[in-house]
Each structure stands twice: as structure tokens, then as C-alpha cells.
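Inside the fold
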Amino acid sequence: MLPERTLRLQYGSRIEAVCVLGTQLCTDVFSAAPAEARTFGLKYTAGVRVDVVKNGQAEETTRNGKRRWAISSDTTLSLSMNQASAEASDHKVTVSYFGEEGNLPIDQAGVFLTAIEISLDVDADRDGVVEKNNPRKGSWTWGPDGQGAILLVNCDRETPWLPEGDSADEKIYSKEDLNDMSRMILRTRGPDRLPFGYEMVLYISMSDSDKVGVFYVDNPFFGQRYIHILGRRKLYHVVKYAGGSAEMEFFVEGLRFPDESFSGLVSIHISLLERLIEGVPRTPIFTDTVTFRVAPWIMTPNTLPPVDVFVCNVKDNYLFLKELKSLVEKARCNLKVCFRYMNRGDRWMQDEIEFGYIHAPHKIFPVVLDSPRDGDLKDFPVKELLGPDFGYVTREPLFEKVTSLDSFGNLEVSPPVKVNGKEYPLGRILIGSSFPMAAGRRMTKVVRDFLCAQQVQAPIELYSDWLVVGHVDEFMTFIPIPGKKEFRMVMASTSACYKLFREKQKEGHGEAVMFKGFSGVNTKRITINKVLSNENLIQQNLYVQRCLDWNRDILKKELGLTERDIIDLPALFVVNEQGQALAYFPNMVNMIVLQKDLGIPKPFGPMIEEQCCLEAHARALLEPLGLSCTFIDDIFSYHKYMGEVHCGTNVRREPFPFKWWHMEP
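Residues numbered from 1 in each chain as written. Predicted model: local features only at pLDDT ≥ 70, side-chain atom pairs only at ≥ 80, totals over all residues. Heavy atoms only, no water.

**With respect to the overall build of the protein chain**
- The helix and strand inventory of the protein chain stands at 11 helices and 41 strands.
- Relative to the compact-globule value of 26 Å for 665 residues, the protein chain shows a C-alpha radius of gyration of 35 Å, a clear excess of over 25%.
- Dimensions of the protein chain, computed from the C-alpha atoms along their principal axes, are close to 125 × 55 × 45 Å.
- For the protein chain, buried positions account for 58% of its 665 residues.
- Here the analysis covers contacts within the protein chain between residues at least 6 apart in sequence; of these, 73% occur between residues at least 24 apart. (Helix = DSSP H or I, 4+ residues; strand = E, 2+ residues; numbered from the N terminus. Rg over C-alpha atoms; globule rule 2.2 N^0.38 Å. Buried < 20%, exposed > 50% of the residue type's maximum accessible area, 1.4 Å probe, protein only. Contact = heavy atoms within 4.5 Å.)

**Quick word on the sheet that holds strand E31 (residues 476-480)**
- With mixed pairing, the three strands of this open sheet are ordered in space as E31-E32-E33. The sheet is open, and its two edges are formed by E31 and strand E33 (566-570), each paired on a single side. Strand-to-strand twist of the sheet, defined as the mean angle between neighbouring strand axes without regard to direction, takes the value 30°.
- Across five bridges, the pairing between E31 and strand E32 (residues 487-493) is antiparallel. (Pairing = 2+ DSSP bridges. Axes fitted to C-alpha atoms, helices over the stretch in contact; angles between N-to-C directions.)

**Concerning the domain arrangement of the protein chain**
- Split into domains, the protein chain comes out as domain 1 (4-116), domain 2 (123-294) and domain 3 (298-662).
- For domain 2 and domain 3, the distance between their C-alpha centroids amounts to 43 Å.
- Counting residues at the interface gives 27 residues for domain 2, matched by 29 residues for domain 3.
- Buried area between domain 2 and domain 3, summed over both chains or domains, comes out near 2300 Å², and the portion from carbon and sulfur atoms is 59%.
- Its largest share of buried area at the contact with domain 3, domain 2 owes to Leu152, Arg157 and Phe257, together 26% of the area lost on that side.
- On inspection of domain 2 and its partner domain 3, the count reaches three salt bridges.
- When the shortest N-O distance is used, the salt bridge between Glu260 and Lys445 registers 2.9 Å. (Domains from an automatic or database assignment. Buried area = accessible area lost by both parts, 1.4 Å probe. Salt bridge = Lys/Arg side-chain N within 4 Å of Asp/Glu carboxyl O.)

**A word on helix H9 (residues 535-559)**
- Between its first and last C-alpha, H9 extends 35 Å over 25 residues, near the 36 Å set by a 1.5 Å rise per residue.
- Within H9, burial applies to Leu537, Ile538, Gln540, Asn541, Val544, Gln545, Cys547, Leu548, Asn551, Arg552, Leu555 and Leu559.
- Between the side-chain oxygen at the start of H9 and the backbone nitrogen of Asn536 there is a gap of 3.3 Å, and the oxygen is on Asn534.
- Just past H9, the residue Gly560 takes up positive phi, approximately 65°. (Expected span 1.5 Å × (residues − 1). Polar contact = N/O pair within 3.5 Å; in protein donor to acceptor, adjacent residues only side chain to side chain.)

**Quick notes on the packing of helix H7 (residues 494-506) against H9**
- Running from amino to carboxyl end, H7 crosses H9 at an angle of 135°, the nearest separation of the two axes being 8 Å. When the axis of H7 is compared with that of H9, the two are oblique. Seen from H7, the contacting residues are Thr494, Ser495 and Tyr498; seen from H9, they are Leu537, Ile538, Asn541, Val544, Gln545 and Leu548.
- Across the contact of H7 with H9, the residue classes break down as five nonpolar, four polar and no charged. (Parallel < 35°, antiparallel > 145°, perpendicular 65-115°, else oblique. Nonpolar A, V, L, I, M, F, W, Y, C, P; charged D, E, K, R; others polar.)

**Examining the sheet that holds strand E29 (residues 429-433)**
- Overall, mixed pairing links the three strands, which are arranged E26-E29-E30 in an open sheet. Only two strands of the sheet have a single partner each, and these edge strands are strand E26 (411-413) and strand E30 (460-463). Between one strand axis and the next, the sheet turns through 35° on average, direction left out of account.
- As judged from the three bridges shared by E26 and E29, these two strands associate in the antiparallel manner. Note on E29: the bridge partner recorded for Val413 is Ile429.
- Against the sheet, H9 touches E29 and E30, its axis set at about 165° to E30.

**Quick notes on the packing of aromatic side chains**
- Here the structure, examined in full by the defined rule, presents 17 aromatic pairs.
- Between Trp466 and Phe573 the ring centres are 5.7 Å apart and the planes differ by 70°, which places this aromatic pair in the edge-to-face class. In this pair, Trp466 sits in the loop between E30 and E31 while Phe573 sits in strand E34 (residues 573-575), placing the two residues 107 residues apart along the sequence.
- Following the ring pairs from residue to residue traces out a cluster consisting of Trp140, Trp142, Trp660 and Trp661.
- Sitting over the ring of Trp140, Arg126 keeps its end group 4.1 Å from the ring centre. (Phe/Tyr/Trp six-rings, centres within 6.5 Å; stacked < 30°, edge-to-face > 60°. Lys NZ or Arg CZ within 6 Å of the ring centre and 35° of its normal.)

Shown next, in the form of C-alpha cells:
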């Protein structure tokens, strides 16, 4: 059924009206009839369709005017038009009223009609083309058959002198900036001019004014200009009616990512306004609406191919950099070194930032999420990463205290999983928190709210506050299975370490020495026998294993994993006076994953027949899967500062091939 608008006739006169194609005018013939009228007849021009509607039942009429209908309160006329007018008021409808007797009308009422076509159009079917008048352009639905346009936050920086990125002001300095925006087209067809008193207005709501911006491309004689017409303080713009068949192109930018107070949906409207007489406000007689969803920020898991590996150059990690460079070259990706003038001695690249991307049918580009940690690396993401087709976003708490759990070693994402029949094609975000029902450190609410609001990677909270640093990357990671669409979750395990050490003791290697050849951590001679006889260390690691198992159970449930999907890497921890744990030897689970090539912290475990038994055990678990293990010495440059290889590096990866709008959150 076509959208209806009520039109009031006036007997004894003719009025003017505009009929927008695809709508119908509903006219009450009863209230406009003279008191003595008993029947009415109709005459109208070609191009107009008139139905007599009685008790909800429509009857199509003919134009010859011979048929008469009884006047009653339940009888109305429905007027519609099927083609645009060539001139203003070029169609008319006449209603003739008749009395009890006679063939001559006792009075008439009429309307001059102008038919115009108005369509505000976007890429509602998400194929990269702005189609005409998609019937579902005003709403937004998820799934492969979903409809509704997509909007990118214009968070990159095409113009070097804009410190905060392209959406910081209301100007466009280059055509490249338009490529980040979604196209919107206003299509009109009709006479050269609208009847007097009509105008078209493009507008947004006050609540959307800080979330969307609209630019109009003007074409004056001396070249194109890009005019900011909607957004922030601009809620409406009067659109010049061009006449004939015309298209006006607009470019729409997102200004904010979805968040706790913003669902991600924004709407833009075009209304045709009518003014009957001077001095009286115009009223809307037709509105067309399009709806966009702002594209979410999406994290990339270890199973996606690496593009760039980032690391800091600091005074004591020369050998580490050398080994990492060799690994990166082997994996055939790029090494990006942040030098000392920029990092100012801050080595924790993983903690400062997290890489992700945003995606629309017309464009995809990486976006770095800057943590509220704000260490000495705080200038790096803006000064070194933000640029053309490389976006930036951050969330800073206003009142909450920032803790170690706000560093992004405490932010990971799983590969795609299926849990109890529900698909998570982009994986699930993992963040560490305090133990339920206990006071402790948590990631700040503003960051957690941001991650949840993206909707496509439903976050899971784990228990990480039992650690001194408190990051999830200290006890778990994910590795791909080369050549297969599979992965394994790798977890630190103290029970696996004690089991291995007892096996080696039973084989007669109880005096095998740990940290052999390295004096930077512990000068005492530490053997397997000493570790296994240290009752205090045993009790501490029983507690740690309970913490690990708590997280193991959550991950199995929330990611749909079985024991077959989990690999236990040996680890030991020591617990300080505050009851928080720290890795005893370099923590192998805190690795960098570059497809099949793994950069694993060298554990300096017990040496048996000139081979570290911890390394040998890790190789036996990982290499049969098709993975290549490279053990990197980080004990002096990272481990002694309470971090490992993963903490000191970061990886930008290729985006998912999967289109996020095809999923069902």
C-alpha cells in the first residue's frame, strides 16, 4: 500500500497540490460537499489515477465523468500519479456535486496537481552501487540478505596538517578524502520549477549531529568545491530544486564509532515542505529517509596473515632486534622499528596499541586503537601511524584510574569459532579482569563499553588480576594450523612443567641446570631437583594452576573448545607478597605468531645433552602441526622487566575476507 497524505478540498474553488510519485493523496469528498449535495461525479486528466474508496474497498474510476456516487461519510477519493509532470500544475481533478434532481452540478471542487519524483538513495544492498529507491533503505538489518547502508568513521588523515585526522574539521582538502565517505544521491524528476511555496530540505536529528557529516560537491565555473552542509551545528540544508531529471551527489562521513550511548545507526532525511501563504511556516508533505550503520572497529587474530611487525629500538635490545629481524624476514613480512626519539625508552609496543580495521563495501583500511595507558610511546600512533588510509581511535577515561589492565597486552581476540550453534565469524575479544565478586583491577569501563558496542566480536572477560602485570597474553595465545582452517589455543601450564621435570628427574637428569650460561637473572645454581624440592614454589604454582584452570574452563565454554583444541606449554610462576604471580623463567606462551613461524621466548630451561628440555618439549608439541619454532633470547631486554616477546612487539595483519555485515550478532 502506498504512503498516504490527506488533502482537503474546498468546494467552489480549485487548490494546488504536489503529488510525489509513489504516494497517494487521500481526499474526503463528504466534508467538502455543499449541504444540499447528494451525489458526486469525477473528471480528471490523463496521468492521474482516481479511486473511490468506500468502507475501505477501492474502486478504480474512469475519466469520462458519467458515473455518479452517493455522498457519505465513509467515502473518500484516493489520487495518485504514475509519471512526473512536464510543467507545474499540468494535471487536474474536478469533483462535481449534484443535488436531488437535475444533471447540472450545484458546485464543484478541484485540485491542480504537480507530480514530482523524489528519491534519496544510498548503497542499501551493499554492493558498492547507489541504487535507485531501494524499498528497505530506511532501515538496517544484519545477515547475508540484510539491507541498509554502511558508513566509515573518517578517522584517517589525508591532510598532513590536521593533527586529529580528517573528521576534526568541516573541510575537504583533497579528493582522496571523499573515497573514505559513503555516497548519497538525491534523484529528482519533474517540471523546471516547483509551484510557489514549495522547497526541499535535507536534515538530521540533533542526536545524530555529532555522529555524521554530509558534504555537497558543488561545480562552479572555476572547479569543484566541497561544501559542508550537515553535521555538528548544522541540522538542515535547503536543497535547490534543479528541475527536469537531476541527480545531486552527497558524501557522508562518520564522526564517531559505536559506543555505550550510540548504537551505530544514523538517519538522514529529505522532506518536501509546503507553505500555503506568506508568513505561515512551511509544513512537510513528504519525507524520504536513509539509514546508515557506522562500521565497527574489528580486531585481527593470530590466524590472519601478518603484514607489518612493530618493535621499539631501546638501549638494551640490539640482539633481540637482530633475532626478530631474521624471523620477520623468514615470515616474509615487514619490520617497522620505532626509534628512541619516538619511544623515549618505552619498549612495550603491545601495551600501547592494538591494530584493527574498518570495512565498508566501497573501502577498507586499518585503524589503530590507542590504549589509555599513555606511556612514553603515547605519541607513536598519532605521529607515526595516523595517515592516508590509516585511521586512529582512542578511549580515555574521565574519572577512572588507569591500571596495568588497561594496557593492550590485556586485549586479545580469538579466531572464528562456533559455540552451541552460534557463529562468531570474526572471533571473540578477550580481556582480563579481576576475580568475580572481588575487588581488584579491571580494564576501564570506557574501553570495555567501546569493545562491546562494536557488536561483532562479543567480548569475554577472563581472570588476569592474579598476575603482577595482569595481562591475558601472559597465559594464553592462539596459533594457526598451516594449510587448514583450524587453530589451537596455547595455554601456560605449571602442571605440565612439573610433569616434564619429574619425567626428566626419573630419567636421571635431576641435576640438569636451568639458566645455564646466563647470569643476568639468577646467580644460584638452579636444577630440576631444586625446583622439585622447593615446597613453597610447588604450593605457589598449585595456586597459579587453579587460576589458569579457571580461565581454561571459561575459554572452553565461551569459545566452544575441547581439550583437543588446547596445547599446554610448560611454565612456572613465583607469587609475591601481594599474592600476584610473575613468570619464573621466560614465558613461552607469550610468543609472536607470524603464520607458521613462531617467535617464542627462549626459556633457558634445564640443559640435557646440550639441549634445553623446555625447548625440545615445545618443539615436540608444535612442529608436528607444521609450525616452525624460533626461540628468541629476551631474558635481559624484556623478561627481567616483566614482559616477553609478545609484550615487546605488535603485528598488523590482513583483514578478514568475511564481510562483517553478513553476520548475526
